[in-house]
Amino acid sequence: MPEGDTIHLAAQRLRRALCGERIVQASAPAARLPSLLRIGSLVGRRCLDVKARGKHLLIEFEGDVLLHSHLRMSGRWVVRPRTPPPDVTESDRADPAAGAKTTTAARRHATRRGQPWLHLVTERHEVFQYGGPLLELRTRAATRLEPLLAGLGPDLLAADFDAQAAAIRLRALDARLTIADALLEQRAVSGIGNIWRSEACFAAGIDPFRRLADTEPEDLQRLLLTARELMLRAVANGSTRPRPANVYGRAHQPCRRCGTPIRARRTGEQARTLYWCPYCQGETRDKGEGADT
Ligand SMILES: [Zn+2]
């Protein structure tokens, strides 16, 4: 699932392509939501801003119109220059060695994804969105009232992120929740997904199975700031994954720090797999329920 850092990276790319530019063509070929029938109304409007909030993305246009998207599990934004070569994406261009091979790969990739949900054209760029289940055209006021956004906790990657306030919101959740499951609650803090909850708990040396009730606010703050630092570093590197990952996806492999085999188990309502090092993360008691994967 795209996490906050993925959305921030997409927002950066879209900002470069769209901000200050007028839309000359807009279509929503695979649109299923009624508000997108009005997509043509974007033509002639200038894009004012592109914002990431947690895992949501908001594109603002002149005349109080916003596009609100959430990529859920598999959605993706693609940006291409409009002038030839038409099939080179931003990320391809960042790699001068990629050459013609990648360009062809990009074309195949786009075809595999089928029809885009959204296609915006400016004088210099084309923007596509594939496979996101939430894509709506709204006014600013309607966006503020949108429950998915109104209920969001502070964005971990926002410039004004307040770790103390965010830790208080985490503590206000059900105290029986484990830290690992609390981190996925977007109404407390938004932007953290499955990959970074594992990596952040490891980097902060925190037992992810500890209950909120047994956790000091200072530890939660430290954990949030650690997650923020890791994710900002990934955004700065143009990556959406920890490279190399310390625990995520490394079940049974030796911990890079202490050599103990990394463990993995599905947790929480969505049964997402959590990874941890039992030694480095101070495992002091039996976890009881559930078997490792
Ligand atoms: Zn370890």
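Procedures and definitions
Residues numbered from 1 in each chain as written. Predicted model: local features only at pLDDT ≥ 70, side-chain atom pairs only at ≥ 80, totals over all residues. Heavy atoms only, no water. Pairing = 2+ DSSP bridges. Helix = DSSP H or I, 4+ residues; strand = E, 2+ residues; numbered from the N terminus. Axes fitted to C-alpha atoms, helices over the stretch in contact; angles between N-to-C directions. Contact = heavy atoms within 4.5 Å. Donors = N, O, S within 2.8 Å, 3.2 Å for Na, K, Ca; no water. Tetrahedral: all angles 85-135°; square planar, octahedral: opposite > 155°, others 65-115°. Buried < 20%, exposed > 50% of the residue type's maximum accessible area, 1.4 Å probe, protein only. 1 Å grid on protein atoms, 1.4 Å probe; cavity = no way out; pocket = protein on both sides within 12 Å on 5 of 7 lines; lining within 4 Å. Points joined across faces, edges and corners; volume = space filled by probe spheres on them. Nonpolar A, V, L, I, M, F, W, Y, C, P; charged D, E, K, R; others polar. Domains from an automatic or database assignment. Salt bridge = Lys/Arg side-chain N within 4 Å of Asp/Glu carboxyl O.

Caption draft 1: View of the sheet that holds strand β5 (residues 76-81). Read across the open sheet, the four strands follow the order β1-β6-β7-β5; overall the sheet is antiparallel. Only two strands of the sheet have a single partner each, and these edge strands are β1 (25-27) and β5. Taken over all neighbouring pairs, the strand axes of this sheet differ in orientation by 10 degrees on average, direction set aside. Sheet topology note: the β5/strand β7 (residues 125-130) ladder contains six bridges and is antiparallel. Following the sheet pairing, valine 79 is matched in β7 by valine 127. Across the sheet, helix α1 (residues 4-18) touches β5, β6 (118-121) and β7, and the angle it forms with β5 is around 35 degrees.

Caption draft 2: Geometry of the coordination of the zinc ion. Coordination sphere of the zinc ion, protein contribution only: Cys255 (SG), Cys258 (SG), Cys277 (SG) and Cys280 (SG), at 2.2 to 2.3 Å. Taken together, the four donor atoms surrounding the zinc ion define angles of 102 to 114 degrees at the centre, an arrangement classified as tetrahedral. The motif formed by the donor residues of the zinc ion, counted along the single chain, is C-x2-C-x18-C-x2-C. Grouping residues by exposure puts cysteine 277 and cysteine 280 together as buried.

Caption draft 3: Region of the structure containing the layout of surface pockets. Of the voids in this model, the second largest pocket is the one considered here, and its volume is about 560 Å³. Around the second largest pocket, the lining comprises 20 residues; the ones closest to its centre are Lys55, Leu184, Glu185, Gln186 and Gln270. Class assignment of the residues belonging to the lining of the second largest pocket gives a composition of six nonpolar, seven polar and seven charged. Counting residues domain by domain, the lining of the second largest pocket receives three or more from each of domain 1 (4-150) and domain 2 (163-276).

Caption draft 4: How the structure looks around the pattern of salt bridges. Inspection of every chain in the model, using the stated rule, returns 12 salt bridges. Residues arginine 22 and glutamate 62 are paired through a salt bridge, measuring 3.6 Å at the closest nitrogen-oxygen approach. Here glutamate 62 lies in the loop between β3 (56-61) and β4 (65-70) and arginine 22 lies in the loop between α1 and β1, a separation of 40 residues in the sequence. For glutamate 62, a relative accessible area of 26% puts it in the partly exposed group. The salt bridge involving arginine 187 is made with glutamate 185; its shortest N-O contact spans 3.1 Å. Relative accessible area serves as the criterion here: at 22%, glutamate 185 is assigned to the partly exposed category. A single network of salt bridges, built from pairs that share partners, joins Lys51, Glu60, Asp64 and Arg140.

Keep in mind these values describe shape, not function.
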